[in-house]
Amino acid sequence: NLAEYVCQVLNKMLIEGQKDIIEAFRFGFNKVFDINELKSFSSSEIEEVICGSENSTENTWTYENLTQNILPMHGFTKDSMIYKSLIQILINMNTKERKMFLLFVTGSPRLPLGGFKNLYPKLTVVMFQSESMNDSPNSHLPSVMTCQNYLKIPNYTTKEILKEKLFTAIKEGNNAFHLS
């Protein structure tokens with residue numbers, strides 16, 4: 001009766017045990033949008049609308065697009081060395097680095113459908129201000145406020161330091177949550 005036992009366990013775990021969860025999801029989803037209307041879409045189309053575009057990383061990471069859709073504020077302008085350097089660093093990132101950057105800054109490894117122009121709120125680069133007047137900006141890492149798509153960057157002295165600190169923050173901040 002081992003085969004019967006395995007079939008019963010699988011049925012309970014994968015079918016019967018999931019019915020209530022699936023029905024609750026279907027009920028809640030139908031309150032927002034009739035789930036039957038989704039039948040005209042493929043699963044990849046639905047995923048793209050809900051989760052963002054997997055393939056939008058290449059065509060939206062141009063100089064023009066980034067400078068139009070990444071806003072410098074609170075200490076930075078479009079003419080700031082840090083802002084210009086950041087744009088160049090972003091353009092030169094590979095696909096894996098771009099996903100890590102997006103996850104670090106927005107909490108999602110994908111851009112919304114339509115790319116940066118449809119990111120809400122807009123990605124904003126602001127100057128990180130240390131509490132101590134004696135601190136060197138080069139001694140701090142960039143930080144983020146993912147709920148507002150804010151990237152807080154110290155006023156580093158060189159592009160190389162910006163790149164090093166940004167990549168350190170991206171890698172070390174991956175899947176971490178700290179209040180700043």
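Structure: see above.
Please read all numbers here as calculations on a predicted model, not as lab measurements.

A. Just the overall build of the protein chain, in detail. Summing up its helical and strand segments, the protein chain has seven helices and four strands in all. Reading the protein chain from its N end, one meets helices and strands in the order α-α-α-α-β-α-α-β-β-β-α. On C-alpha atoms alone, the protein chain measures out to a radius of gyration of 22 Å, which is more than a quarter above the 16 Å that the 2.2 N^0.38 rule sets for 180 residues. The principal-axis extents of the C-alpha atoms in the protein chain amount to approximately 75 × 35 × 30 Å. For the protein chain, with 180 residues in total, the buried portion stands at 32%. Within the protein chain, counting contacts between residues at least 6 apart in sequence, those at least 24 apart form 69% of the total.

B. Local environment of the pattern of salt bridges. Taken as a whole and judged by the stated rule, the model has one salt bridge. The partner of Glu16 in a salt bridge is Lys19, with the nearest N and O atoms 3.4 Å apart. A residue is classified by how much of its surface remains accessible, and Glu16, at 37% relative accessible area, is partly exposed. Residue Lys19 is classed as partly exposed on the basis of its relative accessible area, which comes to 42%.

C. Here's a closer look at the sheet that holds strand E4 (residues 150–153). Overall, mixed pairing links the four strands, which are arranged E1-E2-E4-E3 in an open sheet. The open sheet is flanked by strand E1 (70–73) and strand E3 (143–145), the only strands paired with a single partner. Looking at each pair of strands side by side, their axes are set apart by 25 degrees on average, direction ignored. Taken together, the four bridges between strand E2 (residues 123–127) and E4 define a ladder with parallel strand orientation. For Thr124, the partnering residue across the bridge sits in E4 and is Tyr150. Across the sheet, helix H5 (residues 81–91) is in contact with E1, E2 and E4; its angle to E1 comes to roughly 155 degrees.

D. The pairing of E4, seen in detail. Two elements, E3 and E4, share three bridges in a ladder whose sense is antiparallel. Of the residues in E4, the one forming a bridge with Met145 is Tyr150. Connecting E3 to the next strand, E4, in antiparallel fashion are four residues, including Asn149 with a positive phi near 55 degrees.

E. Representation of a nonpolar patch on the surface within the structure. On the surface, a nonpolar cluster with roughly 750 Å² of combined accessible area is contributed by Leu2, Tyr5, Val6, Leu10, Met13, Leu14 and Ile15. Topologically, Leu10 is positioned in helix H1 (residues 2–14).

F. Examining the packing of H5 against helix H7 (residues 159–172) more closely. Axis separation between H5 and H7 bottoms out at 10 Å; the angle between their running directions is 60 degrees. With respect to H7, the element H5 is oriented oblique. At the point where H5 passes H7, the crossing takes the right-handed sense. Facing H5, whose interface residues are Met81, Ile82, Ser85, Leu86, Gln88 and Ile89, H7 presents Lys159, Leu162, Lys163, Leu166 and Phe167. For the contact of H5 with H7, the residue count by class is seven nonpolar, two polar and two charged.

Calculation notes
Residues numbered from 1 in each chain as written. Predicted model: local features only at pLDDT ≥ 70, side-chain atom pairs only at ≥ 80, totals over all residues. Heavy atoms only, no water. Helix = DSSP H or I, 4+ residues; strand = E, 2+ residues; numbered from the N terminus. Rg over C-alpha atoms; globule rule 2.2 N^0.38 Å. Buried < 20%, exposed > 50% of the residue type's maximum accessible area, 1.4 Å probe, protein only. Contact = heavy atoms within 4.5 Å. Salt bridge = Lys/Arg side-chain N within 4 Å of Asp/Glu carboxyl O. Pairing = 2+ DSSP bridges. Axes fitted to C-alpha atoms, helices over the stretch in contact; angles between N-to-C directions. Patch = residues over 30% accessible without salt bridge, like charges linked within 9 Å, V, L, I, M, F, W, Y side chains within 5 Å. Areas by Shrake-Rupley, 256 points an atom, 1.4 Å probe, with all protein chains shown as cover. Parallel < 35°, antiparallel > 145°, perpendicular 65-115°, else oblique. Left-handed = near helix turned anticlockwise from the far one by under 90°. Nonpolar A, V, L, I, M, F, W, Y, C, P; charged D, E, K, R; others polar.

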